[in-house]
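Read off the chains here:
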Amino acid sequence: MDKIVVRGGKRLNGEVTLSGSKNSALPIMAAALLSDETSVIHDVPNLRDIQTMIKLMRSLGAKVSYDDTTLTIRPGKTLNPKAPYKLVSTMRASVCVLGPLLARTGYAEVSMPGGCVIGSRPIDLHLKGFEALGAQIKIEHGYVKARALKHLAGNEIYLGGSFGSSVLATGNVMMAATLARGKTIIESAACEPEVVDLAHFLRKMGAQISGEGSPRIEIEGVKKLHGAQYTVISDRIECGTYMFAAAMTGGNVLIRKAVPSHQNAVIDKLLQSGVSITKGKNVLRIKGRARLKPTDVTTLAYPGFPTDMQAQMMALMAVTPGISVITEKIYPDRFMHVSELNRMGAKIYSESARAIIHGVKRLSGAPVMASDLRASAALILAGLVAEGDTEVHRVYHLDRGYDNIEKKLSGLGAAIRREKE
């Protein structure tokens, strides 16, 4: 098992290039199963979750090769419709094979998903959508068993949930609907860029989709889809993480392959904090300042402030003078990083879905434990500005979503290294 060691006090300067989006690549990989023809996907990041998905695709009968950042998927004429517990239990996004398998074979048997421990994230909306398309659903022995007795049929489906729309559920139902008979209308659809990216890939495969990026998506089912070539968007959460790293260290960093419009909520909060940001075509320049201002944040569905940037925002506010409040509206239990930041000298008090941060002058390096993917990034950011060394343990969480983060930060001047435990 590895750990990341960070020595604080280095100002970040230079350029960093973003990798492709994990949260786009995973459902796009699953979507390739909707055709028996070959699809080629570019800019796929080399992450633990991607490798898990490759293994899952192979277990379903697809031939998959991965060369540098290019993924070639050959689903073939027949698929094994059962996705095993051993793979699905390690990554929540693997549930997105359920829609393509159901649409393509008429039957899918997928283990209940796992992933980061950040609170309850049921798949009720996925199942609700499939039932509306005419599937029969059973949950037996830890597996979701979905069957289309004759064929899937288009329908009007409302996918609003207790905490808003679901990105994975929207994508899963959208994929299933591409091969359903008739028109499907998804109301309260997720508007995230990753949903838009999936719709663009499906359209390249021959799907008839409109309205992506809005709360109402319309899909006219087709008889058959074909293979496609596609390049996934860059990772907006990786982008936001480097934006915060530059801001916290008082650095000057140019981020390449950025999509500024995807970062509007993050940019807004950084500007409120006093950070200087310059937008360009596919680039962002972030300049930190010696004294930042406290800023309150509430996480919301896109285009609101992303829950996946909440922990990184907390790390920034931990070293910003004054009092700030972070309210978590998406996953109210997602504050497990608070205790680890406090081990480093932060003054953060959490109650229910709210955290109150009293900014301190400095943090001190300490051994800390990552509880989930984004908490890992937050602890590394804290380590960049802490006195002495910070050891971040359980970085297998980090490897699920950040492609060579220690190398990219090192290229910006950070004193960071990976070591064996």
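Residues numbered from 1 in each chain as written. Predicted model: local features only at pLDDT ≥ 70, side-chain atom pairs only at ≥ 80, totals over all residues. Heavy atoms only, no water.

A. Here's a closer look at the pattern of salt bridges. Summed over all chains, the structure comprises 25 salt bridges. Between Arg-418 and Asp-2 there is a salt bridge, and its shortest N-O distance comes to 3.1 Å. Of this pair, Arg-418 sits in strand S26 (residues 415-420) while Asp-2 sits in strand S1 (residues 2-7), and the two are 416 residues apart along the sequence. A residue is classified by how much of its surface remains accessible, and Arg-418, at 27% relative accessible area, is partly exposed. One salt-bridge network, held together by shared partners, links Asp-2, Asp-399, Glu-406, Arg-418 and Lys-420. (Salt bridge = Lys/Arg side-chain N within 4 Å of Asp/Glu carboxyl O. Helix = DSSP H or I, 4+ residues; strand = E, 2+ residues; numbered from the N terminus. Buried < 20%, exposed > 50% of the residue type's maximum accessible area, 1.4 Å probe, protein only.)

B. Looking closely at the side chain of Lys-408. Within the element layout of this structure, Lys-408 appears in helix H13 (residues 405-411). A residue is classified by how much of its surface remains accessible, and Lys-408, at 16% relative accessible area, is buried. One polar contact links Lys-408 to Glu-238, side chain to side chain, over a distance of 2.8 Å. Contact partners of Lys-408, with chain neighbours within four places excluded, come to Val-16, Thr-17, Leu-18, Ser-19, Glu-238, Tyr-242 and Asp-403. (Polar contact = N/O pair within 3.5 Å; in protein donor to acceptor, adjacent residues only side chain to side chain. Contact = heavy atoms within 4.5 Å.)

C. Geometry of the sheet that holds strand S23 (residues 367-369). With mixed pairing, four strands are arranged side by side in an open sheet as S23-S25-S1-S26. At either end of the open sheet lies a strand with only one pairing partner, and these are S23 and S26. Averaged over all pairs of adjacent strands, the angle between strand axes in this sheet comes to 25°, irrespective of strand direction. As paired elements, S1 and S26 share six bridges and run antiparallel to each other. Within S26, the residue paired with Asp-2 across the bridge is Lys-420. Across the face of the sheet, helix H12 (residues 373-385) comes into contact with S1, S23, strand S25 (389-393) and S26 while running at roughly 30° to S1. (Pairing = 2+ DSSP bridges. Axes fitted to C-alpha atoms, helices over the stretch in contact; angles between N-to-C directions.)

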